[in-house]
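Observations on chain architecture
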Amino acid sequence: PMRGVEEEEEKEEKEQERSAGGVGGRAGGGGEMPSAPGVSVARVIEGAPAIVKFAVCNDRRHVLTLDEAGSVAKWDVLTARKVADYGRKDFDDTLRQRDRRVHVPNWFSIDNHTGYLAVHLTQSQYTNAEVYARDYDLKCFDVDDKICLGVLLLQALFRDWHYAFRARARRVRAQREAAKQSASQGSQGSQGSEGGGAAAAADEPLDLFRRYFSVPGHTPVILTTTGGARPDVLCRISAHETGSDWALQLLLEVSPQWVGETVLTQAPPSKPEQHKVSFYLEPAECGGANRHLAMEAIGSGARLTAHRILRIHRVMHYVLEKLQLETQRPGEDLTEYLEILCCGELLDPDSNIGTARHFFWKPKSLGADLTFHYRRKAGSKPLRSRCGSQPK
């Protein structure tokens, strides 16, 4: 009898399923799927609107996106998070309004083939972008520290792998120390020594990069081979899983050497030559009514080389140093005395020479050397000579 009841219940459940119909919907969240004749839709599970358009901002940290619903949003590549949602707005207008004039070399590539953003890092690109910490609001660094964006992202993605690797290394080291003590002192007290060594190892401070920022633990991380039309997947894992026991050895086996060196040993990446910019520094031609703004030439006009993120403000300091000049009072703002120009465009003192070269240096396509011009600021006070002569 019980079997008969169960068969009747199963029959009723199947009849309910047929009358209720199936679950329909599409990943893009754009409406119901057509149901079969005589079948009604009980429920539609909406997916998130797919990203249909994107643009990488000039700072090479943020990406502006447009989804199927017409909403514009901004994403932070370093933290793998949405940081702003602008709603239904014109994509191109929002990009023009929100993007700032700064030049940072490409250090990643990106696509939206799956409907969401996928960021790709390669050995040849990931060290391309060095910036000052102050420009990226990284408060845990000194403001004048140079930060490599690709290194920061790798360390955030694999932070748990780093700590698991360090923890295992400490355990192994403690066991070896305990074994040495046991061999030299005999078995008496060896257990206490081993326990003390393990406790000391557990108390050893870890690296502090984890406090700078982190990515969500569910962020997927995929390691692939390079080259070929369809690279082979070596490992597919989420960020929070990288510190698990099973992932520790797997990542040691399959991760590229450059990833391991960046994450586990935190070896500083090599400084490629593209970080350097060569330029000339010459006095601006000031004739007629602007004759009083003219300044002397610096030495023989030799070509200078500096890091591409050197601030224009530092160029002003260099001019005064070479001309043996100083402000009326120590510590005064140089921007009240000097101006730096590139192709006639007045440069922002907080900008850098790489940005000036990218946006203002017109002869760059002809291979001509970058040239900056300096002059006095109109209405400024005279500069004092460090040699004790009259103000200039």
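Placed above this text is the structure.
All values reported here derive from a predicted model rather than from experimental measurement.

Between helix 3 (residues 149-157) and helix 7 (residues 257-265), the least distance of the axes is 9 Å, while the angle of their chain directions is 80°. Comparing their axes, helix 7 and helix 3 come out roughly perpendicular. The segment helix 3 lies against helix 7, with Val151, Leu154 and Gln155 engaging Trp258, Thr262 and Val263. Grouping the constituent residues of the contact of helix 3 with helix 7 by class yields 4 nonpolar, 2 polar and no charged.

In this model, the second largest pocket occupies a volume close to 360 Å³. Considering the residues around the second largest pocket, the lining is formed by 20 residues, among which His313, Arg314, His317, Tyr318 and Glu321 are closest to the centre. Listing elements by their share of the lining of the second largest pocket, those giving two or more residues are strand 14 (304-307), helix 8 (312-322) and strand 15 (325-326). Top contributing element to the lining of the second largest pocket by residue count: helix 8, with 7 residues. Here the residues of the lining of the second largest pocket sort into 10 nonpolar, 5 polar and 5 charged.

Position of Val77 among the secondary structure elements: in the loop between strand 5 (71-76) and strand 6 (81-88). By relative accessible area, Val77 is classed as buried at 8%. For the pair Val77 and Arg60, spaced 17 residues apart in sequence, the C-alpha to C-alpha distance is 8.3 Å.

We now examine the sheet that holds strand 3 (residues 51-56). Pairing in this open sheet of 4 strands is antiparallel, and the strands run 3-4-5-6 from one edge to the other. What marks the edges here is a single partner per strand, and that holds for strand 3 and strand 6. With direction set aside, neighbouring strand axes in the sheet form an average angle of 20°.

Turning to the nonpolar core, a few remarks are in order. One finds Trp107, Leu138, Ile147, Leu149, Phe158, Trp161 and Val263 to be the most contacted residues of the largest nonpolar core, which totals 43 residues. Of all the secondary structure elements, the ones that give two or more residues to this core are strand 10 (146-148), helix 3, helix 4 (159-185), strand 11 (220-224), strand 12 (233-238), helix 6 (245-254) and helix 7. For this core, the element with the most residues is helix 3, which contributes 7 residues. Residues Met316, Leu338, Cys342 and Leu347 belong to the second largest nonpolar core, which totals 28 residues.

The subject of this paragraph is the pairing of strand 5. In regular strands, side chains alternate between the two faces of the sheet. Taken together, the 5 bridges between strand 4 (residues 62-67) and strand 5 define a ladder with antiparallel strand orientation. Bridge pairing links Leu66 to Val72 in strand 5. A loop of 3 residues connects strand 4 with strand 5, the two strands running antiparallel in sequence, and Gly70 in this loop sits at a positive phi of about 85°. Pairing analysis gives 6 bridges linking strand 5 to strand 6, with the strands arranged antiparallel. Looking at the pairing, Val72 lines up with Gly87 of strand 6. Remark: 4 residues form the turn of the hairpin made by strand 5 and strand 6, two consecutive strands paired antiparallel; Ala80 in that turn has positive phi of roughly 55°.

The end-to-end C-alpha distance of helix 4 is 39 Å, a good match for the 39 Å that 27 residues give at a rise of 1.5 Å each. Inspection of helix 4 places Arg159, Asp160, Trp161, His162, Tyr163, Ala164, Arg166, Ala167, Arg170, Ala174 and Ala178 among the buried residues, and these make up the whole buried set.

This brings us to helix 6. Among the residues of helix 6, those classed as buried are Ala247, Leu248 and Leu251. Down the axis of helix 6, the buried side of the element spans an arc of 110°, and every buried residue falls inside it. Along helix 6, exposed side chains directed more than 90 degrees from the buried face belong to Asp245 and Glu253. Buried residues belonging to helix 6 abut helix 4, strand 11 and strand 12.

Cut-offs applied
- Residues numbered from 1 in each chain as written.
- Predicted model: local features only at pLDDT ≥ 70, side-chain atom pairs only at ≥ 80, totals over all residues.
- Heavy atoms only, no water.
- Axes fitted to C-alpha atoms, helices over the stretch in contact; angles between N-to-C directions.
- Helix = DSSP H or I, 4+ residues; strand = E, 2+ residues; numbered from the N terminus.
- Parallel < 35°, antiparallel > 145°, perpendicular 65-115°, else oblique.
- Contact = heavy atoms within 4.5 Å.
- Nonpolar A, V, L, I, M, F, W, Y, C, P; charged D, E, K, R; others polar.
- 1 Å grid on protein atoms, 1.4 Å probe; cavity = no way out; pocket = protein on both sides within 12 Å on 5 of 7 lines; lining within 4 Å.
- Points joined across faces, edges and corners; volume = space filled by probe spheres on them.
- Buried < 20%, exposed > 50% of the residue type's maximum accessible area, 1.4 Å probe, protein only.
- Pairing = 2+ DSSP bridges.
- Core = buried A, V, L, I, M, F, W, Y, C linked by side-chain atoms within 4.5 Å.
- Expected span 1.5 Å × (residues − 1).
- Arc of directions from axis to C-beta.

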